[in-house]
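# Report on the structure
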Amino acid sequence: PVALRRVAVIGPNAAVAQIMGGGSSRVTPHRLVAPLDALRDALEPGVEVVFEQGCVADETARPLPLTLTVAVFAGHEPNGEPASVLRSLDARLVLVGPPDGVEPGAPWSARATGSYVPRTTGRHELTLSQSGRARVFVDGALVLDGVDDPMPPGGSDFFGFGSQERTAFVDFDAGRAVEIVLEYHSDGAEGIYGVKLGCRMPNPPDALDRAVAAARAADVAIVVVGTNDDWETEGRDRATMHLPGTQDELIRAVAQANPRTVVVVNAASPVAMDWADDAAAVLQCWFGGEEMAAALADVMTGVREPS
């Protein structure tokens, strides 16, 4: 056996908890854990874990991964005593009716607060879509405003009830927490109330080269690829069996750089795997629910066998 000193964890699904599909299959889990974090926790303390995204595979920006405390207020402004308090495990709120403490048809508002710790340093693209009206503050500064200047309809979020995305670019430092405040009110929503603060992490032009270099310098490379709840949801079909974006190219390049490459396919439906013979192993984990990352780490470290 080879003593592990460095493990390269690579891929667009490595640092996110992609555990379920979109639309009506989306429920509220107790927790969200990304494969990258579960692997770091499972490996011995002396093993260095290096992460590279490698490519982008999103159709729309994924919700910012942070826990939000959501105070709900009766009326247009999020002031006074909350009517109820909710919790969200990411920066996406969707309600098909009024929240607790609010009468049907009555206006309501909310203030969601949380702390986000970036994984990478650089310019992040924040996006806002809404069914209703919302604004976003980062460390007290207003960065996205859909209240005074609402976005036009025509977005794909919230079953088609969402607005088009609005974007802003914010510089983050890896490991330095930033305060996120998201204010929302129900004006303009029809049928579904919703707001999503999305984030696209920096994807430098040399992202593929960086992934290959990380794989070459590691004892083992783990490539976590797949789809997400944009691609696999109700109301529309995927147009191809291939993995979204340039994930196929990423797998081939990493496997060529390191013969000990394990490909983890985090997709809820079959995908083409014409690169399968290039990898030392392929593990299909589907959308495995809230314990998927912990189970994956057990399989990868030999605590459990895959079947």
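In what follows, the structure referred to is the one given above.
These lines cover the structure that appears in this document, whether it is placed above or below. If you're wondering where the values come from, they're calculated on a predicted model, not measured in any experiment. (Residues numbered from 1 in each chain as written. Predicted model: local features only at pLDDT ≥ 70, side-chain atom pairs only at ≥ 80, totals over all residues. Heavy atoms only, no water.)

At a minimum axis separation of 8 Å, helix 1 (residues 35–42) and helix 4 (residues 292–300) run at an interaxial angle of 45 degrees. Classed by the angle they form, the pair helix 1 and helix 4 counts as oblique. For the element pair helix 1 and helix 4, the recorded crossing hand is right-handed. Where helix 1 abuts helix 4, its residues Pro35, Ala38, Leu39 and Ala42 lie against Met292, Ala293, Ala294, Leu296, Ala297 and Met300. Within the contact of helix 1 with helix 4, the residues separate by chemical class into ten nonpolar, no polar and no charged. (Axes fitted to C-alpha atoms, helices over the stretch in contact; angles between N-to-C directions. Helix = DSSP H or I, 4+ residues; strand = E, 2+ residues; numbered from the N terminus. Parallel < 35°, antiparallel > 145°, perpendicular 65-115°, else oblique. Left-handed = near helix turned anticlockwise from the far one by under 90°. Contact = heavy atoms within 4.5 Å. Nonpolar A, V, L, I, M, F, W, Y, C, P; charged D, E, K, R; others polar.)

A few words now on the packing of aromatic side chains. Aromatic ring pairs are defined here through the distance separating the ring centres and the angle between the ring planes. In this structure the tally under the stated criterion is three aromatic pairs. With a centroid separation of 5.3 Å and 70 degrees between ring planes, the pair formed by Trp108 and Tyr193 is classed as edge-to-face. Note that Trp108 is positioned in strand 7 (residues 108–116) and Tyr193 in strand 13 (residues 193–200), a separation of 85 residues in sequence. (Phe/Tyr/Trp six-rings, centres within 6.5 Å; stacked < 30°, edge-to-face > 60°.)

Although it is not a glycine, Asp139 sits at a positive phi angle of roughly 50 degrees. Within the element layout of this structure, Asp139 appears in the loop between strand 9 (133–138) and strand 10 (141–145). Of note, Trp286 is a non-glycine position whose phi angle comes to about 55 degrees, a positive value. If you trace the backbone, Trp286 turns up in the loop between strand 16 (281–284) and helix 4. What makes Trp286 partly exposed here is its relative accessible area of 42%. (Buried < 20%, exposed > 50% of the residue type's maximum accessible area, 1.4 Å probe, protein only.)

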